[in-house]
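# Understanding the architecture of this molecule
The residues making up each chain are set out below.
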Amino acid sequence: MKKPLAALGLVLLGGVLALLGQHLLFSGSEREDERLLAELERRQDLQVQQLRRAEERFKADMQLALVGFLRLLEFRRFAELGQDLSLVVVASPGAAQQDALAEAAAAGGGVKLPRVVLDNAARREWSDLGQRLAGLKDGVDPRVFEAFQTIREFAASHPWPARGDLGTIAQSNWARSVTIDRWLALNKNLSSRVVAVVSQFNAQP
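The model shown is predicted, which means the values in this text are computed figures rather than measured ones.

It is worth spelling out the overall build of the protein at this point. In terms of helices and strands, the protein carries seven helices and two strands. Within the protein, the fraction of its 205 residues that count as buried is 26%. Taking contacts inside the protein between residues at least 6 apart in sequence as the whole, the part at least 24 apart equals 71%. Roughly 13600 Å² of accessible area belongs to the protein as shown, and the carbon and sulfur atoms make up 58% of that amount.

As structure tokens, this is what we get:
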């Protein structure tokens, strides 16, 4: 009787140990799965954060590039205003006329003068735009700003005629072909530099 009971006890003990071992085995596996899942979620969150930061940096860079591009277009507009010409017909030479006007008059033709010399509205737009762009020194390519400043310095040393009539212009430096040629060259230089910088924008990946 004792032997069957002992054998039964061993069987029961073995079953209990087996169940306990199975419980511990599966319990440990579940904990490992939970740990791996938590690590996976942590890495995914990190990747999402990195992608969001990269997207924010991209948007910021694009915004700066757009602002820079629009500023360049304003400098280009400034140069275009300076290069815009009006044809003035000169019927006959006058005693006060000099160089360009006198030559045109002698030929019985006309002379092309910058609109900013003749047209008060064009001069006002040119002046207002120049004042605004003068405050953008740190926000534009230094080559562009240098060319811009050279134009403004030239204009400061060659004052605009008080009136837009030919008599007043003929008595100013703006009646000289050398003045007009230099003015147009400076504005063309600014426009060319803007185009060069814009080309660099387009070449960037």
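Here the focus is the packing of aromatic side chains. Summed over all chains, the structure comprises twelve aromatic pairs. Taking the centre distance of 6.5 Å and the plane angle of 70° together, the rings of F75 and F145 count as edge-to-face. One end of the pair, F75, is in helix α1 (residues 2-83); the other, F145, is in helix α5 (residues 142-157), with 70 residues separating them in the sequence. The pair F75 / F145 is uniform in exposure class, with both members buried. Where F78 meets F148, the ring centres are 4.9 Å apart and the plane angle is 65°; that geometry is what we call edge-to-face. Note that F78 is positioned in helix α1 and F148 in helix α5, a separation of 70 residues in sequence. A single burial state applies to F78 and to F148, both of which are buried. An aromatic cluster is present here, built from F75, F78, W126, F145, F148, F154, W160, W174 and W183 joined pairwise through their rings.

For the rest of this paragraph, the subject is the packing of helix α4 (residues 120-133) against α5. If you want to describe how two helices pack, look at the angle between their axes and the distance between the axes. Running from amino to carboxyl end, α4 crosses α5 at an angle of 135°, the nearest separation of the two axes being 11 Å. By the angle class used here, α4 and α5 are oblique. Like other packed secondary-structure pairs, α4 and α5 cross with a definite hand, here left-handed. Contacts between α4 and α5 involve W126, G130, Q131 and L133 from the former and F145, F148, I151, R152 and A155 from the latter.

Once that is clear, we can look at the confidence of the model for the protein. On average, residues of the protein score 76 in pLDDT, and 64% of them are at 70 or above. The lowest-confidence element of the protein is helix α2 (residues 99-106), averaging 60 in pLDDT; the highest-confidence one is α5, averaging 96.

Scoring rules and cut-offs
Residues numbered from 1 in each chain as written. Predicted model: local features only at pLDDT ≥ 70, side-chain atom pairs only at ≥ 80, totals over all residues. Heavy atoms only, no water. Helix = DSSP H or I, 4+ residues; strand = E, 2+ residues; numbered from the N terminus. Buried < 20%, exposed > 50% of the residue type's maximum accessible area, 1.4 Å probe, protein only. Contact = heavy atoms within 4.5 Å. Areas by Shrake-Rupley, 256 points an atom, 1.4 Å probe, with all protein chains shown as cover. Phe/Tyr/Trp six-rings, centres within 6.5 Å; stacked < 30°, edge-to-face > 60°. Axes fitted to C-alpha atoms, helices over the stretch in contact; angles between N-to-C directions. Parallel < 35°, antiparallel > 145°, perpendicular 65-115°, else oblique. Left-handed = near helix turned anticlockwise from the far one by under 90°. pLDDT = per-residue confidence, 0-100.

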